[in-house]
Amino acid sequence: MSTLYVEAGRVVDAVVHEKLGLKAALYRAPLGSDPRVVCKLAAATLGHRGALRKALVDCGLLVDRTSGAASSGTGEDDEEVRPAKRQKQLENVASASGGSKAVREEGVALVMAYDLLAGQGLRGGGHLSRELKANKAQLQVSYKEAEAKAAPEASNRPGQGGTNADAFEDLPRYVRVNRLLLPSDSEAASLRNSLAKTLLKRAKDEAKESDNAEELSQVAVDKLVPDLLVLHPRSKPWLQGLEDVDAGRLVLQDRSSCLAALAAGLTPGTFVLDACSAPGSKTAHAIELLHGRGRMIACEKDPRRATALVGRLQLISAMRPAGKGSARRGGVGGEAADGGAATALPTPAMWPGAKLRFKAGGVGVEVRVDDFLKCDPRKPPFCDVEVLLVDPSCSGSGLPEHRLADAAAGRAGVGVQRLRRLAAFQRLVLAHALRFPKARTVVYSTCSTHQAENEDVVSAVLAENPRPPFDVAEALPWWKNAAPDKASKKVPAWASMCIRCDPAKHRCRGFFLCRLDRRAGTFAPAGAEGVAPLRRKKRRRPAKHKLAGDDAAAPGRAAASAQAPAKRGKKGG
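Given the structure is predicted, the values throughout are model-derived calculations rather than measurements.

**Student:** Looking at this model, I keep getting lost on the packing of helix H17 (residues 416–433) against helix H18 (residues 455–462). Mind explaining?
**Tutor:** In helix packing, the relevant descriptors are the interaxial angle and the interaxial distance, both defined with respect to the helix axes. H18 packs onto H17 with a crossing angle of 50 degrees between their chain directions and a minimal axis gap of 9 Å. As judged from the angle between their axes, H17 and H18 are oblique. H18 is crossed by H17, and the crossing has right-handed handedness. Of H18, the residues touching H17 (which contributes Ala-423, Gln-426, Arg-427, Leu-430 and Ala-431) are Val-457, Val-458, Ala-460 and Val-461.

**Student:** Got a minute to help me understand the packing of aromatic side chains in this structure?
**Tutor:** Centre distance and the angle of the planes are the two values used to describe a pair of aromatic rings. Summed over the entire model, instances satisfying the criterion amount to 3 aromatic pairs. Ring plane angle 5 degrees and centroid distance 5.8 Å describe the contact between Phe-372 and Phe-436, whose orientation is recorded as stacked. Of this pair, Phe-372 sits in the loop between strand E10 (363–368) and strand E11 (387–390) while Phe-436 sits in the loop between H17 and strand E12 (441–446), and the two are 64 residues apart along the sequence. On the basis of relative accessible area, Phe-372 is assigned to the buried category, the value being 4%. Between the aromatic rings of Trp-478 and Trp-479, the centroid separation amounts to 6.4 Å while the plane-to-plane angle is 65 degrees, which identifies the pairing as edge-to-face. With relative accessibility at 7%, the residue Trp-479 sits in the buried group. Here the aromatic residues Phe-372, Phe-382 and Phe-436 are joined through ring pairs into a cluster of three or more.

**Student:** Any chance you could explain the pattern of salt bridges here in plain terms?
**Tutor:** For side chains of opposite charge, pairing can occur when their charged atoms come near one another. The final tally for this structure, using the stated rule, is 23 salt bridges. Here Arg-249 and Asp-244 are joined by a salt bridge, their closest N and O atoms 2.7 Å apart. Looking at Asp-244, the relative accessible area reads 13%, which means it is buried. A salt bridge links Asp-376 to Arg-378; its shortest N-O distance comes to 3.3 Å. By relative accessible area, Asp-376 is classed as buried at 9%.

Cut-offs and rules
Residues numbered from 1 in each chain as written. Predicted model: local features only at pLDDT ≥ 70, side-chain atom pairs only at ≥ 80, totals over all residues. Heavy atoms only, no water. Axes fitted to C-alpha atoms, helices over the stretch in contact; angles between N-to-C directions. Helix = DSSP H or I, 4+ residues; strand = E, 2+ residues; numbered from the N terminus. Parallel < 35°, antiparallel > 145°, perpendicular 65-115°, else oblique. Left-handed = near helix turned anticlockwise from the far one by under 90°. Contact = heavy atoms within 4.5 Å. Phe/Tyr/Trp six-rings, centres within 6.5 Å; stacked < 30°, edge-to-face > 60°. Buried < 20%, exposed > 50% of the residue type's maximum accessible area, 1.4 Å probe, protein only. Salt bridge = Lys/Arg side-chain N within 4 Å of Asp/Glu carboxyl O.

Here it is in structure tokens:
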């Protein structure tokens, strides 16, 4: 059985039964598969969970342990579901995941059923895989009936229907051409043509006879974001396993996610700090826009997410081992000496406090497993940072994956208390970013549609006393926001200069962005009064017994203590 199914099934179970958010469920344990693939498979399964469970129950593959009755198909009331088949299936799944007792057959069965009926088809073998394939015809009939029945009910469910729900269903798939690996326009054009041919072939092989393969395989150039390609919504599964994606030449990145680096106004030589970097798409895009000169610090507090971040940056930035006689591209490793493809470096495991430095397209990159709030703006290297990208944890209400997870867990949306906690944390992060003495621009963004996490956070931080020396600036002059919702709260006058992505109008995920520029004449050297001091604990020095003649020996001790930092520095190096 594929490890992907075990991990995606674990995420589904955690969202449904433990009421975790999708991101928390995804990173609660180390993943052997690509986190993006696990997330997408789990989110897609959650979106069709009711119909999938109904189909599995009808085929006798799942039963209600408490009553033995079939599932209603709504996915909200039947909490206790277990396989009707023998316990050996559970043992097989546990064995495939290294014997983990945390694996629950229900989630794995749902994920595999989705891949069989609506995904790419089952991958791997195993007892459960054989059972599903043997019952495929009956599963398809029950699944289609349950989906047809659930459609009108979902549209009437609070927070799940309406224009935005339809827009989420029909969002295009966006992919960004990685100009770190393909710097010339001819290479980028060749990649577009190759992608179109590949998608056409897959559409002809896998689409229905009634479908228009030419339409499904179209590759258009985005009119707003440079180097971004727009694909048909149904092309998403055809991108999995694509060589250009796996090699980093194409980056799976939504249109909204590309806006942060563009709004920062990056120029070659800029020193950038990404405060909350994982999973790394915005970080990599910012590195690309530095055009080979500059510096990037990427902070990520969670070691597991930091490990995934490093792996993604290594892939996208073409970080390669440079063998003897090998040619380097952009000062970062390159092709093998025999002209073959370069071998990617193994991703190192990260731990709290770890730092990893490497070159990416000529840009010096440093990944830190550290809490951004503990980065002291008065000290190097932070005192020299010029641009900060701030994308803190948020409700994710603008993401289709989170909407699906909320629906599957029976949640109407983000609770008031959780929204308040998130907003309080976001205010801390943004206020800290505005304390960096040489920062000229701070870009604050969330994938939330809630005003409490967006305009209200910026307003609260700018109202602090003393007031930060920053003002809201126009983020992207060419971006046109949708008309504000009449039912929403009154927003500040500067809100029109921010970016609000609306799925219905902009054909991308829900997103908010605010650019703050430092007021002229307010730059302060490190340690100046404009930088709020941080509380630090004084280091205790070991007590020394004072003996006769100590006063005469004091100069010697002073000289010894002056050498101590050099010794510690040598040890740390």
